[in-house]
Amino acid sequence: MFKPKALLLCSIAVLAPGAQADPLPPDATYRPPPTQPFSEVKRMDEQQKAAVMQRQAALLGERYDLADRPLPGVMMSGGRKPVQGGARVKLAAGMSWDRLASLGPEEIRERDLLPQGFRPLPHVKQATGGQVFPQRQIDVIASLEQRDLRRFDVDMDLPDHLTPEFPPPIFLTTHPELGDVSRGQALTLRNFYEIMNGIITPVQMEGLRLLLTPFPQEEFNQTEDRKVAAPSMGVACLDCHTNFHTNAAFHLTPDVRPQSARFRLDTNSLRGLFNQQIHGSKRSLRSVEDFTEFEQRTAYFNGDHVSATRKGVHLPDRPNQVAMMAQMQNIIDFPPAPKLDVTGRLIPEKASAQELAGERIFNGKGRCAECHAAPDFLDNRMHDLKLERFYKVGKTVNDQVALPDGPIKTFTLRGIKDSPPYLHDGRLPTLADTVEFFNLVLGLKLSQEEKDALHAYLLTL
Amino acid sequence: MRSPATLALLAALALPAHAQLGNPGVTDPATAQARPGMPAAGETNVADRLFLKLAAMGNFGEAEAGRLAIARSSDPRVQAFARQMVEDHSATRGKLESLARERGLPAPAMPQPDQVEAKKRLESLSGTAFNTEYLAVQLADDQKTAHLLEWEINAGQDAAVQQLAKETLPVVLEHLRQVQALIAETSGAPPQGLAAASPAMPANRR
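All of these numbers come straight from a predicted model, not from anything done at the bench. (Residues numbered from 1 in each chain as written. Chains lettered and ligands numbered in written order. Predicted model: local features only at pLDDT ≥ 70, side-chain atom pairs only at ≥ 80, totals over all residues. Heavy atoms only, no water.)

## Quick notes on helix 2 (residues 46-72) of chain B
Phase 1: The end-to-end C-alpha distance of helix 2 of chain B, which contains 27 residues, comes to 39 Å, matching closely the 39 Å that a straight helix rising 1.5 Å per residue would cover.
Phase 2: Sitting at the head of helix 2 of chain B, Asn45(B) places a side-chain oxygen 3.1 Å from the backbone nitrogen of Ala47(B). (Helix = DSSP H or I, 4+ residues; strand = E, 2+ residues; numbered from the N terminus. Expected span 1.5 Å × (residues − 1). Polar contact = N/O pair within 3.5 Å; in protein donor to acceptor, adjacent residues only side chain to side chain.)

So, in structure tokens, the structure goes:
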């Protein structure tokens, strides 16, 4: 008599424990191949786009006060954009920051009082994900390189005034006397040589050329699985890291699966990389070289080397190309912080009483310096802030499942006023929001006066 | 007491204080030499000749921009800086022209092409926009000039031309510092570059 079940059990017994076949879906790790012709996908994406953007705008509007309210007299380092003021994360009706901070994590979680703006921020279109560029970058690249960075399915969701100045200034460790060497332009393949000729070395120049050279990327390539109208030349490193800073372009973390659980990643600045020992919010890669070599399969292809191979991966040669790209990145300095001395402490004669009070809180009651240690204001570690103490995880918001963030790299606070939005996914629009965030997460119970002082101090870094 | 012959010998051996000890490996073989590796006075190379031309043009353009700023800027700090620029660049112009004349080289009395473009842009602006753009142009111009002077100090071979470059460089770096300080003062951004360490304008230039 034929007994399939017995046979199955028997074979499992023979092969166990290696060959158990769990009934999991087949595409949970790898990117599924497209099932529709490009023209069809494009048509549907375009029809959906307005609704996609509306849904995201509604979410942002619910979470944040997006108004254009600059701090009087406080500009970003290039003097091109004012720094925005005030905490913008919205509180529940009747709640105040001080009341919220006086409650324990359990109570906040049970009563669902954690502001929505403190929770993970979804990508505009979680199901697709991928790189999204701000309009200014799209315009510069279109006019200088005739390359299209515009997606037909999604646009940038953040208003311009809540993103970094564009183009950001460039400060070189090799030429501190020159100040900003960008000449007010965004570096592109068309202008970099003229702008940098004579002030950088041949090796750095070649590194820069490679950092500006577009290579195929998940959404910008020639296959039917792209999100740009015409077959694309691809994306360059500095399309996100404009002038080695950030333009607030974002994508989804390459480091997490499944798709719905992947968190948004706000582009981080490449300033001051030379003094940082771990790279990436999750990957903790140990050198700029390693990150550079692999960024083309992570930022570019969602950490999926299979997809990369299909669409045209660029594998920079380690001893030549990678080394040169890294050497160029390693001469990018932080912006000036003229109120700091050589050890990263405020110079009392140059700082205001409020800034000095802020520094004392930073180093003392606020405990910030325990992770953000001068002079680079980081500790080269990852920390788990355990935000899930404050909210019930697992809720799906705009197709993203909110899960614990887990350990994340401590980002530097040097030049921090230049790089909104804040945290790895850009969930906090202003520095004042970060003060409220850490006041709650670290249980500091700072007074309003102390929070204002801390905020004033962060602006000097 | 030394004999006149010894004095002549000493004079020949002593290096002119400002002469560069250049790399003979890249000297033009046709260069007349005062002694091994030391070009005779007035013996220019390609770098000296290009430098004289580019410096004359850049210098001319910066003085022109300065005059425009004196007339157009509404900010006394920018005007004071522009006056200083006109003054310093007029002084340099005389020196550049006489060096060029002695060597039978042109010292074009016209701006660089990028300065022509910048001037056109500036002429269409007024108020704060003018100040911002003028300072941005001056920042780039001073950066480029510092680069040009540093290039001549190394790549040139005519001691007198190199000497002018050496004398001018600290002045240009001071201009650079002032522009950086002014950009900070007028934009509200933190002082950058040289101004980050000493942001204040010297009292006599306020």
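## A short note on the environment of Val306(A)
Residues and elements named next belong to chain A.
Phase 1: One can find Val306 in helix 9 (residues 305-311).
Phase 2: Judged by relative accessible area, which is 42%, Val306 ranks as partly exposed.
Phase 3: Separated by 276 residues in the primary sequence, Val306 and Tyr30 place their C-alpha atoms 7.8 Å from one another. (Buried < 20%, exposed > 50% of the residue type's maximum accessible area, 1.4 Å probe, protein only.)

## Some words on helix 7 (residues 202-212) of chain A
Residues spaced three or four apart along an α-helix point in a common direction, a consequence of the helix completing one turn every 3.6 residues.
Phase 1: Looking only at helix 7 of chain A, the buried set comprises Gln204(A), Met205(A), Gly207(A), Leu208(A), Leu210(A), Leu211(A) and Leu212(A).
Phase 2: Contacts made by the buried residues of helix 7 of chain A are with helix 5 (135-145), helix 6 (192-196) and helix 10 (318-329) of chain A. (Contact = heavy atoms within 4.5 Å.)

## A few points about the interface of chain B and chain A
Accessible area lost when the parts come together is the quantity often used to give the size of an interface.
Phase 1: Between chain B and chain A, the contact holds 19 residues from the first and 20 residues from the second.
Phase 2: Both faces combined, the contact of chain B with chain A buries some 1,400 Å², and carbon together with sulfur accounts for 59% of it.
Phase 3: Its largest share of buried area at the contact with chain A, chain B owes to Gln143(B), Pro190(B) and Gln192(B), together 32% of the area lost on that side.
Phase 4: At the junction of chain B and chain A, the tally comes to 0 salt bridges.
Phase 5: Here chain B is connected to chain A by 5 residue pairs in polar contact (both at pLDDT 80 or more).
Phase 6: Sorting the residues of the side of chain B that touches chain A by element identifies helix 5 (127-155), helix 6 (159-187) and helix 7 (194-197) of chain B as the ones contributing at least two each.
Phase 7: Top contributing element to the side of chain B that touches chain A by residue count: helix 5 of chain B, with 5 residues. (Buried area = accessible area lost by both parts, 1.4 Å probe. Salt bridge = Lys/Arg side-chain N within 4 Å of Asp/Glu carboxyl O.)

## Re the packing of aromatic side chains
Aromatic ring pairs are defined here through the distance separating the ring centres and the angle between the ring planes.
Phase 1: With the rule as written, the count across this model stands at 10 aromatic pairs over all chains.
Phase 2: The ring of Phe250(A) carries Arg264(A) above its face, with NZ or CZ at 3.6 Å from the centroid. (Phe/Tyr/Trp six-rings, centres within 6.5 Å; stacked < 30°, edge-to-face > 60°. Lys NZ or Arg CZ within 6 Å of the ring centre and 35° of its normal.)

## Side note on the side chain of Asp239(A)
All names here are of chain A.
Phase 1: Tracing the sequence through the fold places Asp239 in the loop between helix 7 and strand 3 (250-252).
Phase 2: There is a polar contact of 3.4 Å between the side chain of Asp239 and the side chain of Gln137.
Phase 3: Of the polar contacts made by the side chain of Asp239, one reaches the backbone nitrogen of Ala236; its length is 2.8 Å.
Phase 4: Not counting residues within four places of it along the chain, the set of residues in contact with Asp239 comprises Phe133, Gln137, Ile141, Arg147, Leu149 and Asn247.

## Describing the packing of helix 12 (residues 431-441) of chain A against helix 13 (residues 448-458) of chain A
Residue and element names in this part refer to chain A.
Phase 1: Helix 13 packs onto helix 12 with a crossing angle of 130° between their chain directions and a minimal axis gap of 10 Å. On the basis of the axis angle, helix 12 is oblique to helix 13. The element helix 12 and its partner helix 13 pack so that their crossing is right-handed. Here Leu431, Ala432, Thr434, Val435, Glu436 and Asn439 of helix 12 come into contact with helix 13, specifically with Gln448, Lys451, Leu454, His455 and Leu458.
Phase 2: Among the residues making up the contact of helix 12 with helix 13, the classes are represented as 5 nonpolar, 4 polar and 2 charged. (Axes fitted to C-alpha atoms, helices over the stretch in contact; angles between N-to-C directions. Parallel < 35°, antiparallel > 145°, perpendicular 65-115°, else oblique. Left-handed = near helix turned anticlockwise from the far one by under 90°. Nonpolar A, V, L, I, M, F, W, Y, C, P; charged D, E, K, R; others polar.)

## Re the packing of helix 2 of chain B against helix 3 (residues 76-102) of chain B
Residue and element names in this part refer to chain B.
Phase 1: Packing of helix 2 against helix 3 leaves a shortest axis separation of 8 Å and a crossing angle of 155°. Taken together, the axes of helix 2 and helix 3 lie roughly antiparallel to each other. Helix 2 and helix 3 meet at a crossing whose hand is left-handed. Of helix 3, the residues touching helix 2 (which contributes Leu52, Ala55, Ala56, Asn59, Phe60, Glu62, Ala63, Gly66, Arg67, Ala69 and Ile70) are Gln79, Ala82, Arg83, Met85, Val86, His89, Thr92, Arg93, Leu96, Leu99 and Ala100.
Phase 2: Partitioning the contact of helix 2 with helix 3 into residue classes produces 13 nonpolar, 5 polar and 4 charged.

## Side note on the nonpolar core
Phase 1: Residues Ile108(A), Leu114(A), Phe118(A) and Phe362(A) are the most contacted members of the largest nonpolar core, which totals 57 residues.
Phase 2: Within the residue set of this core, elements represented by two or more residues are helix 2 (38-63), strand 1 (70-75), helix 3 (97-102), helix 11 (353-363), helix 12 and helix 13 of chain A.
Phase 3: Counting residues per element, this core draws most heavily on helix 12 of chain A, which supplies 5 residues.
Phase 4: Aside from chain neighbours lying at most four places away, what touches Phe118(A) is Val89(A), Trp97(A), Leu387(A), Arg427(A), Leu428(A), Asp433(A), Glu436(A), Phe437(A) and Leu440(A).
Phase 5: Residues Phe192(A), Ile199(A), Phe215(A) and Phe130(B) belong to the second largest nonpolar core, which totals 56 residues. (Core = buried A, V, L, I, M, F, W, Y, C linked by side-chain atoms within 4.5 Å.)

## Considering the pattern of salt bridges
Phase 1: Going through the model one piece at a time under the given rule, you end up with 49 salt bridges over all chains.
Phase 2: With its nearest N and O atoms 3.7 Å apart, the salt bridge here joins Arg310(A) to Glu224(A). Of this pair, Arg310(A) sits in helix 9 while Glu224(A) sits in the loop between helix 7 and strand 3, and the two are 86 residues apart along the sequence.
Phase 3: In this structure, Arg77(B) and Glu185(B) form a salt bridge, with 3.3 Å as the shortest nitrogen-oxygen distance. Here Arg77(B), found in helix 3, pairs with Glu185(B), found in helix 6; they are 108 residues apart in sequence, far enough to count as distant.
Phase 4: It is possible to trace a salt-bridge network through shared partners that takes in Arg31(A), Glu218(A), Glu224(A), Asp225(A), Arg310(A) and Lys311(A).

## Considering the environment of Asp88(B)
Residues and elements named next belong to chain B.
Phase 1: Tracing the backbone shows Asp88 in helix 3.
Phase 2: Of the residues examined, Asp88 reaches a relative accessible area of 16% and is grouped as buried.
Phase 3: Through-space distance from the C-alpha of Asp88 to that of Glu123 is 23 Å; in sequence the pair is 35 residues apart.
Phase 4: Within polar-contact distance, the side chain of Asp88 engages the side chain of His175 at 2.7 Å.

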